[in-house]
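Geometric and topological summary
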Amino acid sequence: MKLAMIGFGQAGGKVVDKFLEYDKRTGSEIVRAAAAVNTAKADLMGLEHISEDQRVLIGQSRVKGHGVGADNELGAEIAEEDIDEVQGAIDSIPVHEVDAFLVVAGLGGGTGSGGAPVLAKHLKRIYTEPVYGLGILPGSDEGGIYTLNAARSFQTFVREVDNLMVFDNDAWRKTGESVQGGYEEINEEIVRRFGILFGAGEIQQGQEIAESVVDSSEIINTLSGGGVSTVGYAEEEVEERSSGGLLSRLRDDGNDEELDSAHTTNRITSLVRKAALGRLTLPCEIEGAERALLVLAGPPEYLNRKGIERGRKWLEEQTGSMEVRGGDYPYRGAGFVATVILLAGVTNVPRIKELQQVAIEAQDNLDEIREESDENLDELVSDDSDELESLF
Ligand code: GDP
C-alpha cells in the first residue's frame with residue numbers, strides 16, 4: 001500500500017523519518033511521499049531522511065520557530081492559519097499514485113496534537129483518498145497537561161480521519177530508561193508493526209507470489225467505517241531455505257513435507273494467538289472489534305493457507321466479528337515469520353476512559369489554579385486599603 005505520510009510535530013516527524021529509513025532498509029516502498037510540519041525549527045532540522053524541501057515550518061510570525069510549548073489550541077490555530085503552506089508541500093505529492101494519506105502525531109504535545117486534526121480535516125475536504133491518523137498517546141508519567149492535550153486531540157482526531165490507529169507510549173514505557181533511548185526503541189516498534197501491515201498490500205513485481213496475498217484494498221476495507229484501531233504483533237525466528245538449494249532438495253521427501261506442513265500450521269496459529277493476546281499498540285479488549293486483518297509475513301516456505309484459515313477462524317471467535325480478513329506477505333531475508341493483526345473499530349478500551357478521567361481532573365485543577373492565582377496576584381499587587389493609585 002502506497003502512502004503519503006505527513007508527520008505533524010516532533011514525534012510525528014520522527015516517526016515518519018523512521019518509516020522512510022525502514023523503507024530504504026527493507027525496500028518495502030510504502031512511503032510514496034513524506035513531509036514533516038512543525039512550529040519548531042530545531043525539530044525539523046533534526047530529521048534525517050525527509051527531504052529538506054518537504055519540511056514545513058509554520059507559525060513563524062507567531063512563535064518565531066520556537067514551537068508552541070505544549071499549547072495545542074495554539075497548535076490548532078497556527079495549523080489553520082498556515083494550512084496553505086502545508087498544502088504547498090502536499091502539492092508536490094503525486095496524489096494519484098497514493099492509496100491513502102497517513103497523518104502521524106504525538107497527541108500529548110502542542111503542534112501535532114492541535115495541528116494533526118486540522119490537517120486531516122483539510123485533506124478530507126480536498127482529496128478522495130482515505131485519510132488515516134496514527135496518534136501516539138503520552139505516558140501516564142508525563143503529567144496532567146499532556147494527558148489533557150491527548151484526550152482533547154484524540155476526540156477531535158478520531159472525528160476527522162477515516163480511521164485512527166493508536167499507539168500508547170504508556171504501554172511501552174520501560175522504567176529506568178532515558179527518554180531518548182526509550183523513544184528510539186518505541187519508534188522501531190511502531191515502524192515494524194505498521195511497516196509490515198502496509199507493506200503487505202504492496203507486493204513488488206517479481207516477488208514470490210504467495211498463496212493468498214493481502215491486497216491494499218483489504219487494508220482499506222478493514223480500516224473503513226471509521227473508529228479506532230490497534231495492532232498486535234508476534235514473530236518467531238526461522239531458518240530460511242534458499243529456494244531450490246541443497247537443503248530444500250534434501251528435505252524434499254514426502255514425510256518431511258507433511259511434518260513441515262503440520263509444524264508450519266501450528267506455528268502460524270500460535271503466532272496469531274500471541275499477537276492478539278500479547279501487547280497491542282493500544283491495549284484493549286479484542287472482543288467486540290468490528291473488523292480485523294491478519295497478515296502473515298515471512299519466507300514463503302513457512303506460510304500456508306491452512307494456518308491462515310485457522311488463525312482467521314480463531315480471530316472470528318475471539319472478536320465476535322464476521323469481518324476478519326487474512327492473507328500472507330512473502331518476505332525474505334529477515335529470518336523470521338511474523339504475524340501482524342490489525343483490529344479495527346475497537347470500543348472496549350479502558351486506557352482511553354482512564355485518560356479522559358485524568359484529563360478532566362487536570363482541567364478542573366487548571367481552572368482552579370488559574371482562578372486562585374488571579375486572586376492571589378490581585379492580593380499581592382493591590383495595597384490593603386486601596387490607597388495607592390496606578391499610574392494609568
Ligand atoms: P509537538 O512537537 O508539540 O507536537 O510535541 P511532541 O511531538 O514533542 O510531543 C508530543 C508527545 O509525543 C509527547 O508527550 C510524547 O508522549 C510523545 N513523543 C515525543 N517524541 C516521541 C517519539 O520520538 N516517539 C514516540 N513514540 N513518542 C514521542
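Residues numbered from 1 in each chain as written. Predicted model: local features only at pLDDT ≥ 70, side-chain atom pairs only at ≥ 80, totals over all residues. Heavy atoms only, no water.

**Observations regarding the sheet that holds strand β1 (residues 3-8)**
Note the following rule: Any two strands are treated as partners once DSSP identifies two or more bridges connecting them. The way it works is that DSSP assigns letters per residue, a run of H or I at least four long becomes a helix, a run of E at least two long becomes a strand, and they are numbered from the N terminus. In this analysis an axis means a line fitted to C-alpha atoms, helices contributing only their contacting stretch, and an angle means the value between N-to-C directions, from 0 to 180 degrees.
Within the open sheet, the ten strands sit side by side as β3-β2-β1-β4-β5-β6-β7-β10-β8-β9. Their pairing is mixed. Only two strands of the sheet have a single neighbouring strand rather than two, namely β3 (55-57) and β9 (323-330). Averaged over all adjacent pairs, the angle separating strand axes in this sheet is 20°, with direction ignored. Relative to strand β4 (residues 100-106), β1 runs parallel, the two sharing six bridges.

**Section: the domain arrangement of the chain**
What counts, and what does not: Those domain boundaries reflect an automatic or database domain assignment. Whether two residues touch is decided by their heavy atoms; if any such pair falls within 4.5 Å, the residues are in contact. Two parts placed together each lose some accessible area; with a 1.4 Å probe, that loss summed over both constitutes the buried area. Under the rule applied, a polar contact is a pair of N or O atoms within 3.5 Å (in protein, one hydrogen donor and one hydrogen acceptor; residues adjacent in sequence only if both atoms are side-chain atoms). Gly counts as polar in this scheme, as do all residues outside two lists: the nonpolar Ala, Val, Leu, Ile, Met, Phe, Trp, Tyr, Cys and Pro, and the charged Asp, Glu, Lys and Arg.
Domain boundaries in the chain define domain 1 (3-200) and domain 2 (227-344). Here domain 1 and domain 2 have C-alpha centroids that lie 29 Å from each other. Across the boundary between the two partners, domain 1 contributes 23 residues, which contact 23 residues of domain 2. Across the domain 1 to domain 2 interface the summed buried area is about 1800 Å²; carbon plus sulfur atoms make up 65%. For domain 1, the biggest contributors to the area lost against domain 2 are R193, I196 and L197; these three give 34% of the whole. Our count for the contact surface shared by domain 1 and domain 2 stands at ten residue pairs in polar contact (both at pLDDT 80 or more). Breaking the side of domain 1 that touches domain 2 down by element, the ones donating at least two residues are α1 (9-26), α7 (144-160), β6 (163-168), α8 (169-172) and α9 (179-200). In terms of residue count, α9 provides more of the side of domain 1 that touches domain 2 than any other element does, eight residues in total. Of the residues contributing to the side of domain 1 that touches domain 2, the split by class is 14 nonpolar, four polar and five charged.

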